[in-house]
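Fold and geometry: a report
Residues per chain, in single letters:
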Amino acid sequence: MENRFVTWLEIDLSAIEDNVRRLCALTRTPLMAVVKANGYGHGARQVARAAASGGAAWLGVARLAEALELRAAGLRLPILILGVVSVAEVEAAVAADVALTVPSVELARAYGQRAAALGVQARIHLKIDSGMGRLGVVPNEALTALREVQRHTALRLEGLFTHLARADESDSAPTHAQLASFQTVVDGLREEGLPLPMLHAANSAAALNFPEARLGLVRVGIAMYGLHPSAEAPLPEGFRPALTWKAQLASCKELPAGHGVSYGHEYLTRGPEVVGVIPLGYADGFRRARPNTVLIQGARAAVVGRVCMDQCMVRLPAALPLGTEVVLIGRQGSEVISAEEVAERWATNNYEVVTGLGARVPRVYTGER
Ligand SMILES: Cc1ncc(COP(=O)(O)O)c(C=O)c1O
């Protein structure tokens, strides 16, 4: 089949659906599919639909605009905005029936007052900072925050949650400490005679490796995409990565010995060399870091010279036809370049690799059921 694009991402939605089904079976807990940042670069709407088919009960996003995009696409599952929204955004969030995270006493008050002024009720999840040091009320202020929430009839407390900072490490002590700290808040709530809302704490790594963290809901991102939470918290057998990054070879020519390649001529051909051009660069999320490798004809080819904004060059064993398929992330024949391998090359994690893939790279969906 003729390829429409010079570079594109192939997203296998059956992998997302199967991974979600596997996670539901493993955790036996309702699952929130975390589709923030355009579904970790995979496409939020498409991932959300596949996750729903696989059994997801909730959707999680970071921003109001992401929630509204899902509603506009017809997704009806409950949505929680895991990040903050501005007070001005409360009206649109409530109108779209989207739940808000309350990360502080101040925002409980501000959201409560705004919802009351609008004559609406906002669904909220109070966030406890049990050790992440990011958004959330610290445990010894949790009761104050809960009382503030109770004072506002325009706020409906639907959930109480926390986020784990180190669940992807082999040392379980920091996660146990966070869970214990969260539990003290839950106990305090009970002692106050307040009704217990839905409790949630687990990201992918915790959902897989800390059964006690599953509580009433697991919030799963990276594992759903078939990517490992970390080297210390790998996925069990059977998960499949959904994303493959492909391109077509755009040019191929033999250069004489000592010829410079790309800006700065940092690479000089060592003899007569066949140099191919791949039509993607750092504006597509392919970093300038070195070394970089791609797959062509089922074998690895080294990227030579600096990666440009829209192109990069590879050294080839022989001249190849234009349009020859190149794989940047994924499988070609028996060779695989995983997002984890790319992350290691770029001194980052797989989350940053996939969320950094450029918006201009078309996403092509396969495996829709
Ligand atoms: C609050 C919250 N919950 C859950 C997740 C999902 O994490 P993961 O992709 O590690 O499963 C995230 C993502 O960063 C998050 O911010």
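The structure reproduced in this document is the subject of the present report. Only a predicted model underlies this, so the values are computations on that prediction, with no experimental measurement involved.

**Points about helix α4 (residues 64-72)**
- Listing the buried residues of α4 in full gives Leu-64, Glu-66, Ala-67, Leu-70 and Arg-71. Buried positions in α4, seen along its axis, are confined to an arc of 165 degrees and lie on one side of it. Seen from the open side of α4, the exposed residues pointing more than 90 degrees away from its buried face are Ala-65 and Ala-72.
- Those residues of α4 that are buried lie in contact with α2 (36-40), α3 (44-54), β3 (58-61), β4 (79-81), α5 (90-95) and β5 (98-102).
- Where α4 ends, the next residue or the one after it, Gly-74, has phi of about 95 degrees, a positive value.

**A few points about the nonpolar core**
- Within the largest apolar cluster, 118 residues are counted, with the highest numbers of intra-cluster contacts made by Met-224, Phe-286 and Val-294.
- Built from parts of two domains, this core gets at least three residues from each of domain 1 (13-225) and domain 2 (243-337).
- Setting aside its immediate chain neighbours within four residues, Phe-286 contacts Trp-245, Leu-280, Gly-281, Asn-292, Val-294, Val-303, Val-307, Cys-312, Leu-328 and Trp-346.
- The next biggest cluster of nonpolar side chains, apart from the first, holds eight residues, and it includes Leu-255, Val-261, Val-275 and Met-313.

**Description of the side chain of Ser-181**
- With respect to the secondary-structure elements, Ser-181 resides in helix α8 (residues 173-191).
- Once residues lying within four places of it in the same chain are set aside, the contact partners of Ser-181 are Ser-130 and Pro-139.

**Some details on the site of the ligand**
- Among the 13 residues in the neighbourhood of the ligand, the closest are listed as Tyr-40, Ser-204, Arg-219, Ile-222 and Tyr-351.
- In this structure, Lys-36 approaches the ligand through a side-chain N or O atom, which is 2.8 Å from an oxygen atom.
- One nitrogen or oxygen atom from the side chain of Arg-219 is found 2.8 Å from a nitrogen atom belonging to the ligand.
- Across the complex, the protein chains shield 92% of the 400 Å² of accessible surface that the ligand would expose by itself.
- The cavity where the ligand resides is the largest pocket.
- At the level of elements, α2 and β9 (218-220) are the ones that each hand at least two residues to the shell around the ligand.

**Topic: the sheet that holds β4**
- Strand order across the open sheet formed by eight strands is β8-β7-β6-β5-β4-β3-β2-β9, with parallel pairing between neighbours. Whereas interior strands pair on both sides, the edge strands pair on one side only; in this sheet they are β8 (198-200) and β9. Between one strand and the next, the sheet's axes are offset by a mean angle of 30 degrees, whatever the strand orientation.
- Across three bridges, the pairing between β5 and strand β6 (residues 122-128) is parallel. Note on β6: the bridge partner recorded for Thr-101 is His-125.
- Sheet strands in contact with α4 are β3, β4 and β5, and its direction is about 165 degrees off that of β4.
- In this fold helix α6 (residues 105-118) packs onto β5, β6 and β7 (155-162), with an angle of close to 145 degrees to the strand it touches most, β5.

**Here we look at unusual backbone geometry**
- Following Arg-290, the chain continues to Pro-291 via a peptide bond in cis, the omega torsion being -5 degrees.
- Here Pro-291 is to be found in the loop between β14 (273-278) and β15 (293-296).
- Backbone geometry at Asp-97 places phi at a positive 55 degrees, although glycine is not the residue there.
- Locating Asp-97 in the fold gives a position in the loop between α5 and β5.

**Let's talk about helix α7 (residues 142-151)**
- Of all the residues in α7, the buried ones are Ala-142, Ala-145, Leu-146, Glu-148 and Val-149. Take α7 and look down its axis: the buried residues cluster within an arc of 160 degrees, on one side only.
- For α7, the secondary structure elements touched by its buried residues are α6, β6, β7 and α8.

**What to know about the packing of α6 against α7**
- Packing of α6 against α7 brings their axes to within 9 Å, and their N-to-C directions diverge by 5 degrees. Here α6 is positioned roughly parallel relative to α7, judged by the angle of their axes. On the side of α6, the interface is formed by Val-105, Ala-108 and Arg-109, while α7 contributes Ala-145, Glu-148, Val-149 and Arg-151.
- For the contact of α6 with α7, the per-class residue count stands at four nonpolar, no polar and three charged.

**Description of the pairing of β5**
- Of all five residues making up β5, five are buried, and the element is well covered by its neighbours.
- Neither face of β5 is exposed, since Val-98, Leu-100 and Val-102 on one face and Ala-99 and Thr-101 on the opposite face are all buried.
- Pairing of β4 with β5 involves three bridges; the strand directions are parallel. In the sheet register, Ile-81 faces β5, and the bridge partner there is Leu-100.
- Note on the crossover from β4 through α5 to β5: the handedness is right-handed.
- Once you follow β5 into α6 and on to β6, the crossover reads as right-handed.

Calculation rules
- Per chain, residues are indexed from 1 in the order of the written sequence.
- Owing to the predicted nature of the model, reporting of local features is limited to residues with pLDDT of at least 70; listing and counting of side-chain atom pairs is limited to 80 or more, with chain, interface and lining totals taken over all residues.
- The side-chain numbers reported here are obtained from all heavy atoms of the structure, hydrogens and water having been left aside.
- Burial classes follow relative accessibility: with a 1.4 Å probe on protein chains only, a residue under 20% of its type's maximum area counts as buried, one over 50% as exposed, and anything between as partly exposed.
- Every helix listed is a DSSP run of H or I at least four residues long, and every strand listed is a run of E at least two residues long, numbered separately from the N terminus.
- To obtain the arc, one takes the directions from the helix axis to the C-beta atoms.
- Residue contacts are counted whenever heavy atoms from the two residues lie within 4.5 Å of one another.
- Nonpolar core, defined: a set of buried Ala, Val, Leu, Ile, Met, Phe, Trp, Tyr and Cys residues in which side-chain atoms within 4.5 Å join the residues together.
- For each domain, the first and last residues come from an automatic or database assignment.
- The cutoff for a nearby residue is simple: one of its non-hydrogen atoms must lie within 4 Å of the molecule or strand.
- The definition of a polar contact used here is a pair of N or O atoms within 3.5 Å, where within protein one atom must be able to donate a hydrogen and the other to accept one, and adjacent residues in sequence count solely through side-chain atom pairs.
- For every accessible area listed, the method is Shrake-Rupley and the probe measures 1.4 Å; residues are considered covered only by the protein chains on display.
- Cavities and pockets are found on a 1 Å grid laid over the protein atoms alone: a cavity is a set of points where a 1.4 Å probe fits but cannot escape, a pocket is an open set with protein on both sides within 12 Å along at least five of seven lines, and a lining residue has an atom within 4 Å of such a point.
- If over half the atoms of a molecule are within 2 Å of the grid points of a cavity or pocket, the molecule is regarded as sitting in it.
- The rule for pairing is simple: two strands pair if DSSP sees at least two bridges between them.
- With axes taken as lines fitted to C-alpha atoms, and helix axes fitted only over the stretch in contact, angles between N-to-C directions fall between 0 and 180 degrees.
- Orientation categories follow fixed angle ranges, with anything under 35 degrees roughly parallel, anything over 145 roughly antiparallel, 65 to 115 roughly perpendicular, and all other angles oblique.
- Nonpolar residues are Ala, Val, Leu, Ile, Met, Phe, Trp, Tyr, Cys and Pro. Charged residues are Asp, Glu, Lys and Arg, and all others, Gly as well, are polar.
- Handedness of a crossover: with both strands directed away from the viewer, a clockwise path from the first strand across the helix to the second marks it as right-handed.

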